[in-house]
Each structure stands twice: as structure tokens, then as C-alpha cells.
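# Residue-level structure breakdown
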Amino acid sequence: MAEDLGLGPRLLVGLTGGIASGKSLVGALFVKLGAALVDTDVVAREVVARGEPGLAAVTAAFGPTVLLPSGELNRAAVRALVFADDAKRRELEAILHPSIRARTLAKLAELEIPYALVVVPLLVETRFRPEAAQLDRLMRRDALPRDEALAMLRAQADRATRLKAAHDVIDNSGTPEATRRQVEQLHHRYLELAAQRVR
């Protein structure tokens, strides 16, 4: 995904991939080279923080069981609820996505940089059969049982669908150095593309 923005960066690049696919590593490499990055997962946590309208809306829709005793969002409870029920997942998305989008765009508008990456895990959505390595990483990373990890992965696009939709692909299945070289090449390409865009 690449977009012209009226404010902020001249070029906007979407960084996507399934859960536990290496988005954080790749994003960190771009940032190290001087790119800006806005992670919609981080923004999603911000819009449901205590005192935020997003938290009140989620609680109104799904009841007090989605709250911890501290009044904060019980992420594990919400995750179990929405990944087991597509209708509830869509309802949650309808509540939160407008706020996430608005806050993401506001963050981008504040940046004075040639290009920025926006990490959007669900940029491409469909049903799929998860890859074994991705499933294993997710189970280890989040200490999830297999059934819950599978449900989360099945709510996202499969690798083939993501590859078909991508303009650029980073293969991080090799060495860290090989991944770094791919990121460096794309960084230079995005700088060139940004330079070609005149406001």
C-alpha cells in the first residue's frame, strides 16, 4: 500500500503480515534507517485506554466482563470473545476502526519525513490455513493454547493472499543480515519515490 498524503510524509507505506510473522523486526530495521513508523496495534491500545471513549463503547457493547478489576480492558477476555465469534469481531471492529484510523492519520500528519510506514496487521483479510511456523511462534510468544492461536490466525489473511496483494515483499525466513539488506534496498526505493512526489 502506498498513498499520497496531504500532510505529513510524502509517501505512506503499509507494512502488513500475519501474527508472529516478523513485522516488528522489519519495522525496527526501517526505523533504524530513518523511517517513521506508526503501529495501528499500538494505536488500538491507546483508543481503549482508561478514560477513552473507545473503552466505554466496548464495555457498553460487550458488558463489564471485558474489564479488569482495575477498570482497564481485559484483552484476553476480548480476544477469546471476538475470535470465537465473527459477528462479535465485526462489531468490535465497527466500534474501534474509525477511532484507530483517525488517530493514526493524526499521528502521521505530525511527521515531517519523506515516508512513513504504517503497520496494519489486517490490511488484507480473508480466511486461511495458518502456516506451522507462524502458529508455533504465536503460541510461544503469547503463551496461547493451540485452539486460541488457530482462531486468531484464521481471522487473518493467508500468506498467498497477502503476497498477491503486496507491492513489495520482504522474505525474513533467512538470516537477519539478508532481511536487513532487503529493508535497506526498499528504504532507498521509498526515499526515491517520496522525492518524486511534489505537493
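### Quick word on the packing of aromatic side chains
Counted according to the given criterion, the structure contains 3 aromatic pairs. Aromatic pair Phe30 and Tyr115: ring centres 6.5 Å apart, planes at 85°, arrangement edge-to-face. Of the two residues, Phe30 is situated in helix H1 (residues 23–32) and Tyr115 in strand S4 (residues 115–119); the sequence distance between them amounts to 85 residues. For Phe30, a relative accessible area of 1% gives the class buried. Classification of Tyr115 as buried rests on a relative accessible area of 1%. Seen in terms of ring centroids, Tyr115 and Tyr190 are 5.4 Å apart; in terms of plane orientation they differ by 65°. Their pairing is edge-to-face. In this pair, Tyr115 sits in strand S4 while Tyr190 sits in helix H9 (residues 176–196), placing the two residues 75 residues apart along the sequence. Judged by relative accessible area, which is 6%, Tyr190 ranks as buried. Ring pairing ties together the aromatic residues Phe30, Tyr115 and Tyr190, which thus form one cluster.

### Notes on the pairing of S4
Of all 5 residues in S4, 5 are buried, a share of seventy percent or more. Alternating positions in S4 separate into two faces, Tyr115, Leu117 and Val119 on one and Ala116 and Val118 on the other, with burial throughout. In this sheet, S4 lies alongside strand S2 (residues 11–15) in parallel orientation, the contact comprising 5 bridges. The residue of S4 that forms the bridge with Leu15 is Val119. In terms of strand pairing, strand S3 (residues 36–39) meets S4 through 4 bridges, oriented parallel. In the sheet register, Ala36 faces S4, and the bridge partner there is Ala116.

### Considering the nonpolar core
Of all hydrophobic cores here, the largest spans 20 residues; its most connected members are Val58, Leu73, Leu92 and Leu96. Of all elements in the fold, only S3, helix H2 (40–47), helix H3 (53–62), helix H4 (75–83), helix H5 (86–109) and S4 reach the threshold of two or more residues within this core. By residue number, the principal contributor to this core is H5, which donates 4 residues. When residues no more than four places from it in sequence are discounted, the contact partners of Leu73 are Val48, Leu55, Val58, Val66, Leu67, Leu68 and Val78.

The rules behind these values
- Residues numbered from 1 in each chain as written.
- Predicted model: local features only at pLDDT ≥ 70, side-chain atom pairs only at ≥ 80, totals over all residues.
- Heavy atoms only, no water.
- Phe/Tyr/Trp six-rings, centres within 6.5 Å; stacked < 30°, edge-to-face > 60°.
- Helix = DSSP H or I, 4+ residues; strand = E, 2+ residues; numbered from the N terminus.
- Buried < 20%, exposed > 50% of the residue type's maximum accessible area, 1.4 Å probe, protein only.
- Pairing = 2+ DSSP bridges.
- Core = buried A, V, L, I, M, F, W, Y, C linked by side-chain atoms within 4.5 Å.
- Contact = heavy atoms within 4.5 Å.

The analysis is restricted to geometry; functional conclusions fall outside its scope.
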